[in-house]
Amino acid sequence: MADKTSRKSAKDAKMAAAKRAAAKPALLAGGNPQIAKADGDAPVQAYIATMPGWKSDVGRRLDALIERTVPDVRKAVKWNSPFYGIEGRGWFLNFHCFTKYVKLAFFRGTSLRPPPPGESKHKEVRYLDIHEHDQLDEELVASWIRQASELPGWVP
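Residues numbered from 1 in each chain as written. Predicted model: local features only at pLDDT ≥ 70, side-chain atom pairs only at ≥ 80, totals over all residues. Heavy atoms only, no water.

Caption draft 1: Quick peek at the packing of aromatic side chains. Using the criterion set out here, one finds 10 aromatic pairs in the structure. Ring geometry for F106 and W144: centres 5.9 Å apart, planes at 70°, overall edge-to-face. One end of the pair, F106, is in strand β5 (residues 101-106); the other, W144, is in helix α4 (residues 138-150), with 38 residues separating them in the sequence. Exposure class is identical for F106 and W144. Each is buried. Positioned above the aromatic ring of Y127 is the side chain of K103, whose terminal nitrogen or guanidinium carbon lies 4.1 Å from the ring centre. (Phe/Tyr/Trp six-rings, centres within 6.5 Å; stacked < 30°, edge-to-face > 60°. Helix = DSSP H or I, 4+ residues; strand = E, 2+ residues; numbered from the N terminus. Buried < 20%, exposed > 50% of the residue type's maximum accessible area, 1.4 Å probe, protein only. Lys NZ or Arg CZ within 6 Å of the ring centre and 35° of its normal.)

This is how it looks when you write it as structure tokens:
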């Protein structure tokens, strides 16, 4: 009888996990996807796939640009945002969905040349806000990504 109960419990657990996996992640304020904290490419791709509308295209472009620019990049989702870093050196950038734009944050942005345009209340952080019809200067953004990846990163 115990064997039958354990098989049923295992089956119930598998069904519950399948339901959770099939459920579309919730969108938080501004359409920001709610994705559980996890390391690796898979949770970042889940986040990007859940970004609403045009923002998903921006997420895919940013992710591809970061991978091309920093082939050994480390990825994770933390605090409902994709983070990018170098193993042993910390995180150098993340992005986050807002209602009308995607905010790209460079954690040591004041050290980048030229610095990204958006100021922060945090001394070293600089932002680039990407709106729906903006033309992304991939060469400049790649330069910032490369520079940021070579600096000591942020370690929470």
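Once you've had a look at it, read on.
Caption draft 2: Up close: the packing of helix α3 (residues 54-69) against α4. Interaxial distance between α3 and α4 falls to 10 Å at its minimum, and their mutual angle equals 55°. Taken together, the axes of α3 and α4 lie oblique to each other. Where α3 crosses over α4, the handedness of that crossing is right-handed. Note on element contacts: α4 touches α3 through E138, V141, A142, I145 and R146, opposite R61, L65, I66, R68 and T69. (Axes fitted to C-alpha atoms, helices over the stretch in contact; angles between N-to-C directions. Parallel < 35°, antiparallel > 145°, perpendicular 65-115°, else oblique. Left-handed = near helix turned anticlockwise from the far one by under 90°. Contact = heavy atoms within 4.5 Å.)

Caption draft 3: Representation of the side chain of N94. Take N94: it is sitting in strand β4 (residues 90-97). Taking relative accessible area as the criterion, N94 reaches 10% and is therefore assigned buried. Apart from residues no more than four positions distant in its own chain, N94 is found in contact with S81, P82, F83, K103, L104, A105 and F107.

Geometric descriptors of this kind do not, in isolation, establish any biological role.
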